[in-house]
Amino acid sequence: MFQSFNVSASALTAQRLRMDVISANMANVDTTRAKMVDGKWQPYRRKMVVMQPNESFSSFLSQAMNERSAGGVKVTKIVEDQTPFKLVYDPSHPDADENGYVQLPNVDPLKEMVDLMSATRSYEANVTVLNATKGMLMKALEIGK
């Protein structure tokens, strides 16, 4: 009976983490000294959240055949985006190389905003599902009156 609450709760948790990671990406859009690699500072590298179902497809199938609800999503890891850093010509920048180029993070603010909107909409949809489930359970309790 409460399995739908668990499904929505797992999605809310995952989307909240996704929004936190996107916020960190936006906060570090100009960070040129995030990590030391081989004695040189590297810019911030964009991070992404990887999610997967809590259970395998075969368990979903067996649960569906038994008419039980399956369960939610989980975050498996946070990975770094391996796209190359942006090169900007700015010889006056303290992190410029000998040719005057500065490596900037591989964070695209537009892409981050689209991802943030997607995570927000998903979060809102799961809140709606949670409230609808709660409303149905409350109506079911009123039947016995």
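Bear in mind the structure is a predicted one, so any value in this text is a computation, not a measurement.

Novice: Lay out the overall build of the chain in plain terms, naming residues and giving numbers.
Specialist: Helix and strand counts for the chain come out as three helices and six strands. From first element to last, N terminus to C terminus, the chain shows the α and β order α-β-β-β-α-β-β-β-α. Counting only residues that meet the buried cut, the chain has 23% of its 145 residues in that class.

Novice: Report on a nonpolar patch on the surface, specifying residues and quantitative values.
Specialist: On the surface, a nonpolar cluster with roughly 350 Å² of combined accessible area is contributed by Leu87, Tyr89 and Tyr101. Its place among the elements puts Leu87 in strand β5 (residues 86-89). With relative accessibility at 55%, the residue Leu87 sits in the exposed group.

Novice: So what's going on with helix α1 (residues 3-27)? Residues and values would help.
Specialist: With 25 residues, α1 should reach 36 Å at 1.5 Å per residue; the first-to-last C-alpha distance of 36 Å fits that figure. Looking only at α1, the buried set comprises Ser8, Ser10, Ala11, Leu12, Ala14, Gln15, Arg18, Met19, Val21, Ile22 and Asn25. Looking at the packing, one finds that the buried side of α1 touches β3 (47-53), β4 (73-80) and α3 (109-143).

Novice: Residue-level account of unusual backbone geometry, with values.
Specialist: The phi torsion at Asp38 lies on the positive side, around 55 degrees, for a residue other than glycine. Inspection of the secondary structure puts Asp38 in the loop between β1 (35-37) and β2 (40-42). Take Asp38: its relative accessible area is 78%, and that puts it in the exposed class.

Novice: Kindly report on the side chain of Asp81, identifying the contributing residues and their values.
Specialist: Looking at the secondary structure, you find Asp81 in the loop between β4 and β5. Side-chain polar atoms of Asp81 contact the backbone nitrogen of Thr83, separated by 3.2 Å. Setting aside its immediate chain neighbours within four residues, Asp81 contacts Arg45, Arg46, Met48 and Asn106.

Novice: Go over the packing of α1 against α3 with me, naming the residues and quoting the values.
Specialist: Each pair of packed helices gets described by two things: the angle between the helix axes and the distance between those axes. For the pair α1 and α3, the least separation of the axes is 9 Å and the interaxial angle reads 160 degrees. With respect to α3, the element α1 is oriented roughly antiparallel. In terms of crossing hand, the pair formed by α1 and α3 is left-handed. Considering only residue class, the contact of α1 with α3 consists of 15 nonpolar, nine polar and five charged.

Novice: Outline the environment of Lys134, listing residues and values.
Specialist: Tracing the sequence through the fold places Lys134 in helix α3. Separated by 130 residues in the primary sequence, Lys134 and Ser4 have C-alpha atoms spaced 9.8 Å apart.

Novice: Tell me what's going on with the packing of aromatic side chains, and back it up with residues and numbers.
Specialist: In the structure shown here, the tally under the stated rule is one aromatic pair. With a centroid separation of 5.3 Å and an interplanar angle of 65 degrees, the aromatic rings of Tyr89 and Tyr101 are classed as edge-to-face. Taken as a pair, Tyr89 in strand β5 and Tyr101 in strand β6 (residues 101-104) lie far apart in primary sequence, 12 residues in all. Tyr89 gets classed as exposed once you look at its relative accessible area, which sits at 54%.

Novice: Quick rundown of the side chain of Asn106? Include the residues and the values.
Specialist: Tracing the sequence through the fold places Asn106 in the loop between β6 and α3. Within the structure, the side chain of Asn106 is placed 2.8 Å from the backbone nitrogen of Arg46, a separation counted as a polar contact. Here Thr83 takes part through its side chain, which lies 3.1 Å from a polar atom of the side chain of Asn106. Here Asn106 is in contact with Tyr44, Arg45, Arg46, Asp81, Thr83, Pro84 and Phe85, once residues within four sequence places are set aside.

Reading guide: rules and limits
Along each chain, residue indices are assigned from 1 in the same order as the chain's sequence is written. Totals for whole chains, interfaces and linings use all residues, but because this is a predicted model, local features are given only for residues with pLDDT of at least 70 and pairs of side-chain atoms are given and counted only at 80 or more. The basis for every side-chain value is the complete set of non-hydrogen atoms in the structure, without hydrogens or water. Numbering goes from the N terminus for both helices and strands, where a helix is a DSSP run of H or I of at least four residues and a strand is a run of E of at least two. Relative accessibility under 20% of the residue-type maximum defines a buried residue, over 50% an exposed one, and the middle range a partly exposed one, all with a 1.4 Å probe and only protein chains included. Nonpolar side chains (Val, Leu, Ile, Met, Phe, Trp, Tyr) within 5 Å and like charges within 9 Å form the patches, drawn only from residues with over 30% relative accessible area and no salt bridge. Note on areas: these come from Shrake-Rupley sampling with a 1.4 Å probe, and a residue is covered only by the protein chains present in the view. When a carboxyl oxygen of Asp or Glu lies within 4 Å of a side-chain nitrogen of Lys or Arg, that pair is called a salt bridge. Here the expected span of a helix is defined as 1.5 Å times the quantity of residues minus one. The contact rule is simple, with two residues in contact once any of their heavy atoms fall within 4.5 Å. Here a polar contact is taken to be a pair of N or O atoms separated by no more than 3.5 Å, where protein atoms must pair a possible hydrogen donor with a possible acceptor and residues adjacent in sequence count only if both atoms sit in side chains. Convention adopted: a line fitted to C-alpha atoms gives each axis, helices being fitted over their contacting stretch, and angles between N-to-C directions are expressed from 0 to 180 degrees. Here roughly perpendicular refers to angles of 65 to 115 degrees, roughly parallel to angles under 35, roughly antiparallel to angles over 145, and oblique to all remaining angles. By definition, turning the near helix anticlockwise from the far helix through less than a right angle yields a left-handed crossing, and turning it clockwise yields a right-handed one. Each residue gets one label: Ala, Val, Leu, Ile, Met, Phe, Trp, Tyr, Cys and Pro are nonpolar, Asp, Glu, Lys and Arg are charged, and the others, such as Gly, are polar. Aromatic pairing here means that ring centres of Phe, Tyr or Trp (its six-membered ring) are within 6.5 Å. Orientation follows from the plane angle: under 30 degrees is stacked, over 60 is edge-to-face, and everything else is tilted.

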